[in-house]
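Each chain, written out:
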Amino acid sequence: MNNPLTDPYLVLSEVYSRGAYLKQALASVPTEPQNRPQTSKICYGVLEKDVYLSYIIGANCQKQPKSAIRLILKIALYMLEFMGKHGYMVADCAVELAKKAGKGGAAGFVNAFLRSYKLPALPAGADERLSVEVSAPLWLAKRVRRSYKQEAAAILSAPSHGVCVRFERGAERYLALPHEETPFKGVYIFRNFVRDGGYDAGDYTFQSVGSAAICSVVSPCGRLLDACAAPGGKSVLLAKKCGSVTAQELHPHRVELIGSYARRMGADNVFPVAGDASAFNPEWEGLFDGVLCDVPCSGSGVINENPDIKLFRREEDIASLAALQLKILANCARYVRPGGSLYYSTCSVLPEENDSAVHGFLASVQGFELDIPECALPSRRTKTGLQFLPHISQGAGFFVTRFIRKS
């Protein structure tokens, strides 16, 4: 019988020790095929509950265990507390794994910990309590609580609704599966969805409800620039209502990814190009009817889909991201023709990246007026745009707004 902790340990070691993204690690680390669903569940779960699991370990240990043993304990605790696995089985497997990982000297500690640990009381402070309760970094809990007050816990703990699929054709073949409808044509969220030949044939693609919503507010036009385009989902969807889409991406290998995506989906009016969205291209000045800036951001609105964000993102990143966001927006504004539209979006729930960015743009760039769009997906209208929140927007947290360049 295979040790059920081994594969999660191998995958998560890539994340915790080497900084790999979870999806990348799951794809690259060889694991037992029959165990992959459970391995994936454990890996996502451990990262989702990382702060809470660390809190349990800290409350039951006088001294912080070394990284390998700490990871083994997190995996075991997740299986015990959230999967209802039998205590003795998990403890025995954790001890076996510690020995196999070359940490046999700590095997007795692992065994004793897992057979005797107690769940600690939550912290007394409001921010600290929220951080542990929803298993979010303290800095993020503080910022979300400051902005959203009593809704903070719901925002930070909103679950993923499932796998979001956008169909070009043939959706009826899949709708017998448990699913949730969205406000967008051909877009459904499935509890479980297994990729088949229809994907390679271009019958459907995987695209988040947030991505579909952002595309829904972009008006049909002749020439559109998608300034930060990878992996290409928005470019391909927008190609259905725009004459041509220039899909710009900084990294050449991701430009290739956009091209592959467009070919698979039959979008022959998408033109991928390598380029820096924050650096001015004089050939594009005033060239486009519409420009979409879906900028790099904290990802704080999509932690339910990408729990490794909570591990990698730091509070000090927010200021540098905000500066980059404003730089991209101000640069790309120069590409919009008079009367054309400039769209700004993030997958963040933090006002510093959303409303503050819009205020900064309007204060520093002349000739644009705010024109907040409408969207069928439930959202909150702020002073500068639409804020989508995971607990009200089918699991998606993001922001979008529109500016019109004055004639």
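Refer to the structure above for everything that follows.
Please read all numbers here as calculations on a predicted model, not as lab measurements.

1. Describing the overall build of the chain
Along the chain, the regular secondary structure elements total 17 helices and 13 strands. The globule rule puts the C-alpha radius of gyration for 407 residues at 22 Å, and the 23 Å found for the chain is close to it. With respect to the three principal axes, the spread of C-alpha positions in the chain is 75 × 50 × 35 Å. Within the chain, contacts between residues separated by at least 24 positions form 67% of all contacts whose residues are at least 6 apart in sequence. Carbon and sulfur atoms form 51% of the exposed surface of the chain, whose accessible area is close to 18,400 Å².

2. Topic: the packing of aromatic side chains
On inspection of all chains with the given rule, the structure shows 25 aromatic pairs. Pairing Phe-193 with Tyr-204 gives two aromatic rings, centres 5.2 Å apart and planes at 85°, and the pair type is edge-to-face. Of this pair, Phe-193 sits in the loop between strand 3 (187-190) and helix 11 (197-200) while Tyr-204 sits in strand 4 (residues 204-206), placing them eleven residues apart in sequence. Residues Trp-284 and Tyr-335 carry aromatic rings whose centres are separated by 5.4 Å and whose planes lie at 85° to one another, so their mutual orientation is edge-to-face. With Trp-284 in the loop between strand 7 (270-274) and strand 8 (288-294) and Tyr-335 in the loop between helix 16 (317-332) and strand 9 (336-346), this pair connects stretches of sequence that are 51 residues apart. What makes Tyr-335 buried here is its relative accessible area of 0%. A connected cluster of aromatic rings, assembled from ring pairs, spans Phe-167, Tyr-174, Tyr-188, Phe-190, Phe-193, Tyr-199, Tyr-204 and Phe-206. Sitting above the plane of the Tyr-261 ring, Arg-264 keeps its charged end 5.1 Å from the centroid. The lysine or arginine in question, Arg-334, covers the ring of Phe-280, its NZ or CZ lying 3.6 Å from the ring centre.

3. A closer look at the packing of helix 6 (residues 87-100) against helix 7 (residues 107-116)
In the contact formed by helix 6 and helix 7, the axes pass within 9 Å of each other and the chain directions differ by 160°. On the basis of their axis angle, the class for helix 6 and helix 7 is roughly antiparallel. Regarding helix 6 and helix 7, the two cross each other, and that crossing is right-handed. Residues Tyr-88, Ala-91, Asp-92, Ala-94, Val-95, Ala-98 and Lys-99 of helix 6 pack against Ala-107, Val-110, Asn-111, Leu-114 and Arg-115 of helix 7. Here the contact of helix 6 with helix 7 is composed, by residue class, of eight nonpolar, one polar and three charged.

4. So, the nonpolar core
By size, the foremost hydrophobic cluster in this structure holds 44 residues, and its most contacted members are Leu-5, Leu-12, Ile-75, Val-110, Phe-113 and Leu-114. Contributions of two or more residues to this core are made by helix 1 (6-18), helix 2 (22-28), helix 3 (36-48), helix 4 (50-60), helix 5 (67-82), helix 6 and helix 7. Considering each element in turn, this core owes the most residues, eleven residues, to helix 5. Beyond its immediate chain neighbours, meaning those up to four positions away, Leu-114 contacts Leu-73, Ala-76, Leu-80, Ala-91 and Ala-94.

5. A short note on the side chain of Ser-341
Positionally, Ser-341 belongs in strand 9. Residue Ser-341 is classed as buried on the basis of its relative accessible area, which comes to 11%. Those residues in contact with Ser-341 that sit more than four places away from it in its chain are Asp-289, Gly-290, Val-291, Val-336, Arg-402, Phe-403 and Ile-404.

6. Quick look at the sheet that holds strand 3
Read from one edge to the other, the open sheet built from four strands follows the order 2-3-1-4, with strand pairing classed as antiparallel. Taken across any chain shown, the strands that pair with only one partner, and hence form the sheet edges, are strand 2 (179-181) and strand 4. Each adjacent strand pair in this sheet contributes to an overall mean axis angle of 30°, direction not counted.

7. Topic: the pattern of salt bridges
Once their charged atoms are close, side chains differing in charge can pair, the charge on each being opposite to the other. Applying the stated rule across the entire model yields 19 salt bridges. A salt bridge links Arg-166 to Glu-168, with the shortest nitrogen-to-oxygen separation between them at 2.8 Å. Assessed through its relative accessible area of 28%, Glu-168 is described here as partly exposed. The closest approach of N and O atoms between Asp-200 and Arg-195, which form a salt bridge, is 3.3 Å. For Arg-195, a relative accessible area of 48% translates into the label partly exposed. Each of the salt bridges in this network shares a partner with another, and the network as a whole consists of Arg-143, Arg-146, Glu-315 and Glu-352.

8. Quick word on the environment of Cys-221
Relative to the helices and strands, Cys-221 is located in strand 5 (residues 221-226). Measuring from C-alpha to C-alpha, the distance between Cys-221 and Lys-241 comes to 7.0 Å, with 20 residues separating the pair along the chain. Once residues within four sequence positions are removed from consideration, Cys-221 is found in contact with Lys-241, Cys-242, Gly-243, Asp-289 and Gly-290.

Conventions adopted
- Residues numbered from 1 in each chain as written.
- Predicted model: local features only at pLDDT ≥ 70, side-chain atom pairs only at ≥ 80, totals over all residues.
- Heavy atoms only, no water.
- Helix = DSSP H or I, 4+ residues; strand = E, 2+ residues; numbered from the N terminus.
- Rg over C-alpha atoms; globule rule 2.2 N^0.38 Å.
- Contact = heavy atoms within 4.5 Å.
- Areas by Shrake-Rupley, 256 points an atom, 1.4 Å probe, with all protein chains shown as cover.
- Phe/Tyr/Trp six-rings, centres within 6.5 Å; stacked < 30°, edge-to-face > 60°.
- Buried < 20%, exposed > 50% of the residue type's maximum accessible area, 1.4 Å probe, protein only.
- Lys NZ or Arg CZ within 6 Å of the ring centre and 35° of its normal.
- Axes fitted to C-alpha atoms, helices over the stretch in contact; angles between N-to-C directions.
- Parallel < 35°, antiparallel > 145°, perpendicular 65-115°, else oblique.
- Left-handed = near helix turned anticlockwise from the far one by under 90°.
- Nonpolar A, V, L, I, M, F, W, Y, C, P; charged D, E, K, R; others polar.
- Core = buried A, V, L, I, M, F, W, Y, C linked by side-chain atoms within 4.5 Å.
- Pairing = 2+ DSSP bridges.
- Salt bridge = Lys/Arg side-chain N within 4 Å of Asp/Glu carboxyl O.

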